[in-house]
Amino acid sequence: MTEVNYGNSPSADELRSMSPEEAMIAGAEVDGVHIVHRRERFPVRGSKAEKRAERAVAACFAIAGLAGVGFIVAFIAVPFHWHLPGTPQDFKYFTPAVGGTLALMLLFFGVGLVLWAKWLMPEEEVVQDRHDDPSKVEDQMMTEATLAVGLEDTGIRRRSVLLLSVLGAGGALATVPLVYLVGSLLKRPGTTLFHTMFQRNTKLFPQSKGMVPIVYSDWRQVSPDDLLPGGLATVFPGVRQPSEGYDGVHNASSPTLLIRLRPGQVVHPRKGQADFGWPKQNPQYIAFSKICTHAGCPASLYEQQTGRLLCPCHQSQFDVLSDAKPVFGPATRSLPKLPLEVLTGKDGRLYFYARSDYHEPIGPGFWERP
Amino acid sequence: MTTTSPVTNPPRRTQPRTPAGKMGKFVDDRLNVAGPLRKQLNKVFPDHWSFMMGEIALYSFIVLLLTGTFLTFFFDPSQTEVVYNGRYVPMQGIEMSRAYASTLDISFDVRGGLVIRQIHHWAALMFVAAMMIHMFRVFFTGAFRKPREFNWLIGLGLLALGIVEGFAGYSLPDDLLSGTGLRIADAIMLSIPVVGTWVSFLVFGGTFPGHIFLDRLYIAHVLLIPGIILALISAHLALVVRQKHSQFPGNGRTEHQVSGERVYPIYAAKAGGFFFIVFAALAALGAFAQINPIWLFGPYQPSQVSSGSQPDWYMMFLDGSTRLFPSWEIRLWGHTLPPLFWPTVVLPGILGAMAALYPFIEARMTRDYQHHNLLQRPRDVPVRTSLGLMAITFYVVLFLSGGNDIIAHVFDISLNAMTWGGRIALLILPPIAYAATYRICLGLQRHDREVLEHGIETGIIKVLPTGEYIEVHQPLGPTDDHGHGLLEYSGTPVPKRMNQLGVMSPVKLIRGFFYPVTEKPELQAAIDEADAAETSQRQHQLTE
Amino acid sequence: MTDDFDGELGFEPAVPATGAEPSAAARGPQRRPTLRRKLAAAAVLTGALGAMGGSYAAFAASSGAANQPSSAQQIAEGRQLFENSCITCHGANLQGVVGRGPTLLGVGGAAAYFQVSTGRMPLAQQGPEANRKPPMFTEAQTEALAAYVQSVGGGTAAPTGNLRGSSADIAVGGDLFRLNCASCHGVTFKGAPLSAGKYAPSLYPSTDKQMYTAMLTGPESMPVFSDNQITPDQKKAIIAYVQNIKASKDPGGEGIGRIGPVSEAVVIWVAGVGALMIAILWIGAKSQ
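What you are looking at is a predicted structure, and each value in this text was computed from that prediction instead of being measured.

### Let's talk about the overall build of chain B
Scanning chain B from terminus to terminus reveals 18 helices and eight strands. For 544 residues, the compact-globule formula gives about 24 Å, and the C-alpha radius of gyration of chain B, at 30 Å, lies well above that figure. For the C-alpha atoms alone, the extent of chain B along its principal axes is close to 90 × 80 × 65 Å. Taking all 544 residues of chain B together, 51% fall into the buried category. About 26,500 Å² of surface is accessible on chain B, with carbon and sulfur atoms providing 67% of the total. Side chains of chain B give 42 positive and 41 negative charges; the mean places of these two sets differ by 8 Å.

### Looking at the sheet that holds strand 7 (residues 301–303) of chain A
Two modes of strand pairing occur in sheets, parallel and antiparallel, and in both the strands are linked by backbone hydrogen bonds. All names here are of chain A. Within the open sheet, the four strands sit side by side as 7-8-9-10. Their pairing is antiparallel. A strand with exactly one partner marks an edge of an open sheet, and here the two such strands are strand 7 and strand 10 (325–328). On average, adjacent strands in this sheet sit at an angle of 30° to one another, irrespective of strand direction. The sheet contact formed by strand 8 (residues 308–310) and strand 9 (residues 317–319) spans three bridges and is antiparallel.

### Focus: the packing of helix 5 (residues 113–140) of chain B against helix 6 (residues 149–171) of chain B
All names here are of chain B. Where helix 5 meets helix 6, the closest approach of the two axes is 10 Å, and the angle between their N-to-C directions is 160°. With respect to their mutual orientation, helix 5 and helix 6 come out roughly antiparallel. Taken as a pair, helix 5 and helix 6 cross one another with a handedness that is left-handed. Residues His121, Phe127, Val128, Met131, Met132, Met135, Val138 and Phe139 of helix 5 lie in contact with helix 6, whose contacting residues are Trp152, Leu156, Leu158, Leu159, Gly162, Ile163 and Tyr170.

### Some details on the domain arrangement of chain B
Here chain B is described as being made up of domain 1 (43–246 + 255–298 + 309–376) and domain 2 (497–544). Taken over C-alpha atoms, the centre of domain 1 of chain B sits 47 Å from the centre of domain 2 of chain B.

### Details of the state of the cysteines
Counting across every chain of the model gives one disulfide over all chains. Note that A:Cys297 is cross-linked by a disulfide to A:Cys313, the S-S spacing being 2.1 Å. Handedness here is read from the sign of the S-S torsion; for A:Cys297 and A:Cys313, about -90°, the answer is left-handed. One end of the pair, A:Cys297, is in the loop between strand 6 (285–289) and strand 7; the other, A:Cys313, is in the loop between strand 8 and strand 9, and 16 residues separate them in sequence. Neither residue differs from the other here; A:Cys297 and A:Cys313 are each classed as buried. Left without a disulfide partner, C:Cys181 is nearest to the cysteine sulfur of C:Cys184, which lies 9.0 Å away. On the accessibility criterion, C:Cys181 (11% relative accessible area) is buried.

### Some remarks on the environment of B:Arg145
Residue and element names in this part refer to chain B. Along the chain, Arg145 turns up in the loop between helix 5 and helix 6. For Arg145, a relative accessible area of 9% puts it in the buried group. Sequence separation between Arg145 and Asp481 is 336 residues, and the spatial gap between their C-alpha atoms is 41 Å. With residues near it in sequence (within four places) discarded, Arg145 still touches Glu362, Asp368, His372, Leu374, Leu375, Gln376 and Arg384.

### Quick word on the side chain of B:His121
Tracing the chain through its elements places B:His121 in helix 5. Leave out the neighbours within four places in its chain, and B:His121 touches B:Tyr170, B:Ile291, B:Asn292 and B:Asp312.

### Observations concerning the pairing of strand 8 (residues 469–474) of chain B
All names here are of chain B. Of the pairings in the sheet, the one linking strand 7 (residues 456–463) to strand 8 comprises five bridges and is antiparallel in character. Along strand 8, the bridge assignment pairs Ile461 with Glu471. Counting the residues in the hairpin turn of strand 7 and strand 8 gives five residues, including Gly467, whose phi is positive at 95°.

### What about the interface of chain B and chain C?
Residue-level contacts link 62 residues of chain B with 56 residues of chain C. Of the roughly 4,900 Å² buried at the junction of chain B and chain C (both faces included), carbon and sulfur atoms supply 70%. When residues of chain B are sorted by the area they lose upon contact with chain C, B:Gln290, B:Leu296 and B:His409 head the list and together hold 14% of the total. Joining chain B to chain C, the criterion identifies zero salt bridges. Inspection of the chain B/chain C interface yields 14 residue pairs in polar contact (both at pLDDT 80 or more).

### What about the interface of chain A and chain B?
Accessible area lost during the coming together of the parts is what is often quoted as the interface size. Tallying the contact residues gives 105 residues for chain A and 120 residues for chain B. Around 9,600 Å² of area is buried between chain A and chain B when both sides are counted, 62% of it from carbon and sulfur atoms. The largest contributions to the chain A side of the interface with chain B come from A:Trp82, A:Arg130 and A:Trp367, which together make up 10% of the buried area. In this assembly, chain A and chain B are joined by three salt bridges. Its salt-bridge partner being B:Glu329, residue A:Arg333 comes within 3.3 Å of it at the nearest N-O pair. Between the two partners, chain A and chain B, sit 29 residue pairs in polar contact (both at pLDDT 80 or more). Listing elements by their share of the side of chain A that touches chain B, those giving two or more residues are helix 2 (20–30), strand 1 (33–39), helix 3 (48–77), helix 4 (94–120), strand 2 (123–129), helix 6 (160–185), strand 4 (232–237) and strand 8 of chain A. Within the side of chain A that touches chain B, the residues separate by chemical class into 58 nonpolar, 25 polar and 22 charged.

### What about the domain arrangement of chain A?
Entries for chain A in the domain assignment read domain 1 (12–185) and domain 2 (192–354). Put simply, the middle of domain 1 of chain A and the middle of domain 2 of chain A, counted by C-alpha atoms, are 59 Å apart.

### Focus: the pattern of salt bridges
When their charged atoms lie close together, side chains carrying opposite charge are able to pair. Across all of its chains, the model carries 35 salt bridges over all chains by this definition. The salt bridge involving C:Lys209 is made with C:Glu143; its shortest N-O contact spans 2.6 Å. In this pair, C:Lys209 is assigned in helix 10 (residues 208–217) and C:Glu143 in helix 7 (residues 139–153), connecting sequence segments 66 residues apart. Among the residues examined, C:Lys209 registers a relative accessible area of 5% and is labelled buried. Relative accessible area serves as the criterion here: at 9%, C:Glu143 is assigned to the buried category. Among the charged side chains, a salt-bridge network with shared partners connects A:Glu21, A:Arg38, A:Glu124 and B:Arg262.

### A short note on the environment of A:Tyr180
Residues and elements named next belong to chain A. As for its position among the elements, Tyr180 is in helix 6. On the basis of relative accessible area, Tyr180 is assigned to the exposed category, the value being 63%. For the pair Tyr180 and Asp13, spaced 167 residues apart in the sequence, the C-alpha separation amounts to 65 Å.

### A few points about the sheet that holds strand 5 (residues 256–260) of chain A
Residues and elements named next belong to chain A. Taking strand neighbours across the sheet as the criterion, the six strands line up as 6-5-4-3-12-11 in an open arrangement whose pairing is antiparallel. In this open sheet, the two edge strands, each paired with only one partner strand, are strand 6 and strand 11 (340–344). This sheet shows a mean twist of 40° between the axes of neighbouring strands, independent of strand direction.

### Let's talk about empty space enclosed by the protein
All names here are of chain C. A complete count under the given rule lists eleven cavities of 30 Å³ or more for this structure. Approximately 420 Å³ is the volume found for the largest cavity. Broken down by secondary-structure element, the contributors of at least two residues to the lining of the largest cavity are helix 8 (170–180), helix 9 (182–185), strand 2 (199–200), helix 10 and helix 11 (232–247). With four residues, the top contributor of residues to the lining of the largest cavity is helix 10. Tallied by class, the residues present in the lining of the largest cavity amount to 20 nonpolar, nine polar and four charged.

### Observations concerning unusual backbone geometry
Along the chain, B:Tyr264 connects to B:Pro265 via a cis peptide bond; the corresponding omega equals 0°. Here B:Pro265 lies in helix 10 (residues 263–288). A cis amide bond links C:Met121 to the next residue, C:Pro122, at an omega of -5°. Tracing the backbone through its elements, the reader meets C:Pro122 in the loop between helix 6 (108–117) and helix 7. Positive phi outside glycine occurs at A:Lys209, with the angle close to 55°. Secondary-structure assignment places A:Lys209 in the loop between helix 6 and strand 3 (212–215). Given the relative accessible area of 62%, A:Lys209 is considered exposed. Notably, B:Asp174 is not glycine yet its phi reads approximately 60°, a positive angle.

Conventions and cut-offs
- One numbering rule holds for all chains: residues counted from 1, following each sequence as written.
- Numbering of ligands from 1 and lettering of chains from A proceed in the order in which they are written.
- It should be noted that, the model being predicted, local features are given only for residues of pLDDT at least 70 and side-chain atom pairs only at 80 or more, the latter also being counted only at that level, while totals for whole chains, interfaces and linings use all residues.
- To get the side-chain values, take all heavy atoms of the structure and skip hydrogens and water.
- Put simply, DSSP marks the helices as runs of H or I at least four residues long and the strands as runs of E at least two long, and each gets a number from the N terminus on.
- Radius of gyration means the value over C-alpha atoms here, while the globule rule gives 2.2 Å times the residue count to the 0.38 power.
- Burial classes: relative accessible area under 20% of the type maximum marks a residue as buried, over 50% as exposed, and values in between as partly exposed (1.4 Å probe, protein chains only).
- What sets the accessible areas is the Shrake-Rupley method with a 1.4 Å probe; for residues, cover comes only from the shown protein chains.
- By the counting rule applied here, Lys and Arg register as positive and Asp and Glu as negative, while His and the ends of each chain are not counted.
- Think of each charge as sitting on NZ of Lys, CZ of Arg, CG of Asp or CD of Glu.
- Paired strands, as defined in this entry, are two strands with at least two bridges between them according to DSSP.
- The convention used is that axes are lines fitted to C-alpha atoms, helices contributing only their stretch in contact, and that angles between N-to-C directions extend from 0 to 180 degrees.
- We call two directions roughly parallel when the angle between them is under 35 degrees, roughly antiparallel when it is over 145, roughly perpendicular when it lies between 65 and 115, and oblique otherwise.
- For any pair of crossing helices, the crossing counts as left-handed if the nearer helix is rotated counterclockwise from the farther one by less than a right angle, and right-handed if it is rotated clockwise.
- Any pair of residues with heavy atoms lying within 4.5 Å of one another is described as a contacting pair.
- Each domain's extent is set by a domain assignment, obtained either automatically or from a database.
- A pair of cysteine sulfur atoms is labelled a disulfide when the two atoms are within 2.5 Å.
- Defined here as a combined quantity, buried area equals the accessible surface (1.4 Å probe) lost by two parts on assembly, summed across both.
- Each salt bridge in this description consists of a side-chain nitrogen of Lys or Arg and a carboxyl oxygen of Asp or Glu lying within 4 Å of one another.
- We define a polar contact as two N or O atoms separated by no more than 3.5 Å, with the added condition that, inside protein, one atom must be a possible hydrogen donor and the other a possible acceptor, whereas residues neighbouring each other in sequence contribute only through side-chain atom pairs.
- As a working rule, the residues Ala, Val, Leu, Ile, Met, Phe, Trp, Tyr, Cys and Pro are called nonpolar, Asp, Glu, Lys and Arg charged, and the rest polar, with Gly in that last group.
- A cavity here means a set of points on a 1 Å grid, drawn over the protein atoms and nothing else, where a 1.4 Å probe fits but cannot get out; a pocket is an open set with protein on both sides within 12 Å along at least five of seven lines, and a residue lines either one if it has an atom within 4 Å of a point.
- Grid points are joined across faces, edges and corners, and a volume is the space filled by probe spheres set on the points.

Listed below in structure tokens is the structure:
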């Protein structure tokens, strides 16, 4: 900051002879602050108006103090334990009581301070000089010279080998932390995004030739009898063995919508996916990935009469009867379709299995996706 | 200095006697601060109300630090699954992450925890909102111009970081709403060309949601980002102190000084009081308005979702842009460029870049490379004002589209119609806003000139002897022979109504409301004398 | 005792008639004097009974005959009502009338109960979605109509008896609700728009039986949730969750509609920023 002296700073003796106010004004002048206008709010001390203003400010602080006491009382005394409805819902008073007294305390403290400044402190109009012009030419020249000579002293311009080596070392110093951080955090995506837990697994499911059973969130197996026409269920691969730490029901890639169509609803299948439903001819049951192909929300607002499926996040709409083709909104790709198979269980009932994994990556698009 | 020279005592002030004086001397003997301290105490701040918007943001941030520290005593960001066994019956026995369970504990088992959580969340919304209106003030008054471009950039950085910090904050409780938001964030990362999947796997430590992400996000939320914000705020304020505050033009105000009140004691009392008022407003919101009731949302499960899922308001414009963007996907050479990339990565990038470059673009277009410490009235710079309104309109359409499903539901409008309405509005409303604002600015300018030239309408109608009716105008200053005002427009507000000519203080009215303020006779005489003296002094100044 | 949404939607408050929940009451320290607790419990019961009113009495009368086939008298009464109010659109033998209304053969008493008790039937006008209205018939008449439709066409019968799970089921019900129902009705039961003007309605006016029959029959756009998929106990748990959360008070002050970030955005900009703008105008104003 450029130091500028305004006039002559008064001597100590001069200051001793001044009143405090004069000394203050003199100090302000030294700092380039000119008090243009300064006036007591109440030029005559002890007037009724002044006392009234003082009392009002004091009242603010008193209310703030009382509110603080109220806060402590409320904090200790008001019940806050949550109860089911049917019992007194008195906990609903806790937050308003505690927060309200807190707010009251803060508000009146703040208002008191502001009123103090507005009503009781002197009114003043002060002008301060700015010094935001660029530095003086002399200053610039001297600093420039200092920098240049310093650079010359290092000799870096002449010693090109040194320059190159130090640049190289600097580059290394800058890169190493970055490599360290990114390198330790990095994970190879591999093919993880290309398959889900519906992948055939002969080790876990030898009886079904590796086909993964389809279950509800409570691990009950899904049977065709479970769904009535117009029915919808969120189903999962029945794999309890965790993959990446999450089992079939909790894995982020596995949620699937199983839909039973209404009588008369006919699916227009995509090429090569005509037999993914069940029965293979004129399917009544079809299953799609619940994960929206746009941004990965569970697209599950299903209108059973029209066969429309809506995603609640960005309102992409899919037509289930055209194999979940996007018909409105920002989504660009159909929801992947799960090939269904039905096998007879030990109890004689029919149960759904996934004949294979989805034939395309589920969820939002990414660069490596073909 | 040689040893032989006579020892002269430097002029020394008498030893202080009061405790405060002793303390002052004790400090000054060690730190030598008397000069610099006085300089800071005497620093002048202009007191226009619009200069306090940035203070709201600063104080909200302080409230965030205070309440956030309290919350760290109870919050556990771990994603480990636990079975909830706390006091909130509708979640008992449900599997959830420790992050969600500890947030429930803060809300139901920690006495007063919910109030602090709510104040913290409201303060976060206020922090970003205050930064935004502060930015509007700086933009529309031209306060970003030379020499303050650096602070404009720092402010933009603060706004961006504030948004990121807020997103990190509401993602931490691991509830259904925040999990949905994080999954979209993952999809946004995946949409980046070439490196997208690598970025996503780096951030989540594997496929979404992984096991480590919330711990990382927590450190970012409580240490990394607040640290950077704090540093940037310091730089922002240091530059304000260094460059001094800009001010509106007015009588006697020039580019070379700043006028107002000194920091000590008036400005400090007002600003300190205002901190408590901001805190009080946030506490009142936390007390009376329930925010982010995560116990209603449930723990995050990738298979679950709720209709009406929105992010907090400052992210809503991105949600809106994503909803409005058409289904355009680029597939080339076995690669996919998803539609999500444009509205969530490219659009905010462009908006940010435009805002960052604006001061330099404006300087170049207007060839104005001067120092500016005096502000402009928005009407006096119609192009800038109109551009600003255009940008705000664009933003508001996106913002409203972020909640278009709620709007559709409440007002019984078709959702598809809302989407199309948003798309069309996004294209046609901003230019309309530009044109309308431009005309309004010009109109206001002309009216200012008209009043300066012809005076204020008094409402007094006169009938001339010819039978003509005219309204009497009160000139604002000296007039020429034709009765036209001689005052030049100087960038300050022009009074437009008669009662703006005198000063009417509501406080004075209230004070004498119940009974007239009467003083004792001798005091009243002294007051009258002081008033008379001041009036004559004022008139003396004016005539000079 | 009153429900927040009572006046707004003009429907009975969802207060459980079971009264105090013992385990929750026993958990916390008991500060409340015994007399006051008794009074409060009495108030709960009185309020619940008063709110349920005459319809509750009618319901109790019919549920006394739970698991018994509807009486011939009830079916006859239902037939009478059907011929007065439904026959123009659904035909004399429930076969439907082309261009007016679908056949009711096989839809069952549950569907009939839902449509009539929520006031959707008789239909006011054709549209993308039938709207909820004040019901045209009393609870007893609705039951009679349902019994008649059931007796002629067969299908899923309307359930009887207690359809709400106990407080121990609430958490499980909540999880099932979030998985199966929240995607449309929302975690706070506000409902949501579907495609092109259709919508999922709010659950705030819904009674236990209406929710149960809705799950069972999938009215309008709603999918069907059979008893094999979501068992009757699970359905009752879901209803217990919904009714308890609806009736529970917000612990954090005013619930601002339980809408979430959109209403929070309105509050912060209007109340929060608004109040502080007034504050800075006041602080910045010249005094005296």
